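# Working through the structure, step by step
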Amino acid sequence: MEIIQAESLVQSQSIANAQRLVNDVIIKHEGIMMYCDSAYTYEGSNRVDAFGNVHINQGDTLHLYARKVYYDGDRSFAQAIKNVKLVNPEITLYTDTLDYDMNLNVGYYDCGGKIVDSTNTLTSKVGQYFLDDNEAHFTDSVVGFSDKYTIDSEDLRYNTQTEVIFFKGPTTIRDSVNTLYAEDGWYNTQTGEADLNLHPMVYNDTQSIKAKQISYNKENGDGLAIGDVFIEDFENRTIIQGNKVIYNEEKETAIATDSAVFITYNETDSLFLHADTLKSIPDTIDGENLVMAYYGVRFFRNDIQGLCDSLMYFTKDSLVQLHRNPVIWSEQHQLSADYIEMIQHTTAPNEMHLKKNSFIISKQDSGRYDQIKGKNMTGYIVNGKLRNIDVDGNGQTLYYARDKEAVIGLNRAESSNIGIRFKEGKIDAIAFQKQPEGQLKPILKLDESEKTLPGFEWKIKLRPLSKDDIFWRPEKKEVTEEEEKVTGQ
């Protein structure tokens, strides 16, 4: 221990083997310079108790300030007390009491502290600063912030060079757009890039994303969610699920694969749709989306079920387009065509447009089927029930005529345009715009071939029976007698 300067030096009368240095004290020890108002040094050791405006300089780059410092040069250890400030070229640490190991270049506090660099401020009750590793470890009531974000955590590490935060335990990060939550992961305070693990979630006022793992880049909006992904759009009342979802927040796009499910919901019911791939993109109208599903589309709602190869859903118009071999079931009706459109109205009846090779089959009792066939059809649905059908071109009907409840025969009629009204799932009235060609034939005189129209195919084994049934593939399907009774098939 080398005493460089002091106005006076006196032997302490109250402390054995101690001498007191007063005013403008400067002490040097193994590359460390210490400045203070007064100090005690001790014979036979390299201990110094420094008081008043204490400043320790190590290697010209590290500066420790405090009201008092207990320095033990033999252990290369210092304890700084009151108004402590540790400064190096990258950060400044503030606390009330700091233990500093000069061999390991590590500072510790457990009474509350703060680290500040050029852009970030982080506070905690307990902290460690590893100068050689350029890393600070914060625990207990951790709060961080800059003009780009705020963070709340119980355990995080901060790299002072890369400005990346690594955290464990419940952690919430808020940036200018989203709130991020996870219990393990990292966050780049400069770019907004994050990797979230263990119960991760990203959300704002309009949507939320949950998964087992979420990667997020605030700069370009790119994101990747993996494992039990759940994305909800609150404005459009839609949900996208899957085991892998690639999304872009700025472009408002999402692509879901691996057990992909699209759900649209309202106060009374929800529609569940599955396809190999689901894609959501913005519509031309602000705030509205276009959802595309392909391939192997299957969907279920309590009042309607169906399948097709690919599908498009316009949220603004509540318009659904079914492409390539679409089939729809509602109550005892099966509707098919080359192409089908469904339009949902708020006040008017919902519409269903069947284009080319349109065919409607309605199963009645005892294995009988009412049938309607034509080029194009428009159906009107009221309260979830098929009310009317207009056939446009090449109209054909085959239905069982009744006298009250008794079946009296099978009525076959053909006309280019036909209007049909349903009641309780059965054909109640038919209007032909042109004189029909047809006949009523008694049941007992019917041949089996006369009971169906050309192209008849009852595909009931393909019908989804529940929201879980949308994942089924045709080669596995079996409809039990009990299921057939429950669904009226």
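What counts as what
Residues numbered from 1 in each chain as written. Predicted model: local features only at pLDDT ≥ 70, side-chain atom pairs only at ≥ 80, totals over all residues. Heavy atoms only, no water. Helix = DSSP H or I, 4+ residues; strand = E, 2+ residues; numbered from the N terminus. Polar contact = N/O pair within 3.5 Å; in protein donor to acceptor, adjacent residues only side chain to side chain. Contact = heavy atoms within 4.5 Å. Phe/Tyr/Trp six-rings, centres within 6.5 Å; stacked < 30°, edge-to-face > 60°. Buried < 20%, exposed > 50% of the residue type's maximum accessible area, 1.4 Å probe, protein only. Lys NZ or Arg CZ within 6 Å of the ring centre and 35° of its normal. Patch = residues over 30% accessible without salt bridge, like charges linked within 9 Å, V, L, I, M, F, W, Y side chains within 5 Å. Areas by Shrake-Rupley, 256 points an atom, 1.4 Å probe, with all protein chains shown as cover. Salt bridge = Lys/Arg side-chain N within 4 Å of Asp/Glu carboxyl O. Lys, Arg positive; Asp, Glu negative; His and termini not counted. Charge placed at Lys NZ, Arg CZ, Asp CG, Glu CD. 1 Å grid on protein atoms, 1.4 Å probe; cavity = no way out; pocket = protein on both sides within 12 Å on 5 of 7 lines; lining within 4 Å. Points joined across faces, edges and corners; volume = space filled by probe spheres on them. Nonpolar A, V, L, I, M, F, W, Y, C, P; charged D, E, K, R; others polar. pLDDT = per-residue confidence, 0-100. Pairing = 2+ DSSP bridges.

## Observations regarding the side chain of Asp49
Among the structural elements, Asp49 can be located in strand β5 (residues 47–58). A distance of 2.6 Å separates a polar atom in the side chain of Asp49 from a polar atom in the side chain of Tyr42. Leave out the neighbours within four places in its chain, and Asp49 touches Ser38, Ala39, Tyr40, Tyr42, Val69 and Tyr70.

## Remarks on the packing of aromatic side chains
Across all of its chains, the model carries seven aromatic pairs by this definition. Relative to Tyr70, the ring of Phe51 has its centre 6.4 Å away and its plane inclined at 85 degrees; by these criteria the two rings are edge-to-face. With Phe51 in strand β5 and Tyr70 in strand β6 (residues 62–72), this residue pair connects regions lying 19 residues apart in the sequence. Residue class for Tyr70 comes out partly exposed when judged on its relative accessible area of 30%. Joined through ring pairs, the aromatic side chains of Tyr40, Phe51 and Tyr70 make up one cluster. Seen from the ring of Tyr65, Lys85 lies directly overhead, with NZ or CZ sitting 5.2 Å from the centre. Looking at Arg368, its charged tip hangs above the ring of Tyr400, at a distance of 5.6 Å from the centre.

## Overview of a negative patch on the surface
A cluster of like negative charges, contributed by Asp205, Glu235, Glu252 and Asp286, occupies part of the molecular surface. With respect to the helices, strands and loops of the structure, Asp286 is situated in the loop between β26 (277–282) and β27 (289–301).

## Points about the layout of surface pockets
The gaps of empty space that remain are located by a probe, the size of a water molecule, rolled over the atoms. In this structure, the largest pocket encloses a volume near 1100 Å³. Along its surface, the largest pocket is lined by 41 residues, and Asn266, Arg301, Ser318, Gln344 and Asn350 are the ones closest to its centre. Of all elements in the fold, only β24 (261–265), β25 (270–274), β27, β28 (304–314), β32 (339–343), β33 (350–363) and β34 (369–382) reach the threshold of two or more residues within the lining of the largest pocket. Estimates place the volume of the second largest pocket at around 520 Å³. Lining the second largest pocket are 29 residues; nearest its centre among them are Thr206, Gln207, Asp233, Glu252 and Asn289. Residue assignment for the lining of the second largest pocket shows that the elements contributing at least two residues are β19 (207–210), β21 (222–233), β22 (238–248), β23 (253–257), β26 and β27. Per element, the largest residue contribution to the lining of the second largest pocket is five residues, and it comes from β22. Partitioned by chemical class, the residues of the lining of the second largest pocket number 11 nonpolar, 11 polar and seven charged.

## Concerning the confidence of the model for the chain
Fine structural detail should not be taken from predicted coordinates in areas where pLDDT scores are low. Confidence in the prediction for the chain averages 89 pLDDT; 96% of positions are at 70 or higher. Under a pLDDT of 50 for its full length, residues 485–489 has, in the predicted model, 11 contacts with residues more than four places off or in other chains.

## Re the pairing of strand β13 (residues 135–145)
Examined bridge by bridge, strand β11 (residues 121–124) and β13 share three bridges and lie antiparallel to one another. For Thr123, the partnering residue across the bridge sits in β13 and is Val143. In the sheet, strand β12 (residues 126–130) pairs with β13 via five bridges, with the strands oriented antiparallel. Residue Val126 lies in a different strand from β13, and its bridge partner there is Thr139. Two successive antiparallel strands, β12 and β13, enclose a turn made up of four residues, where Asn134 displays a positive phi of approximately 55 degrees. As paired elements, β13 and strand β14 (residues 149–159) share nine bridges and run antiparallel to each other. Residue His137 lies in a different strand from β14, and its bridge partner there is Arg157. Connecting β13 to the next strand, β14, in antiparallel fashion are three residues.

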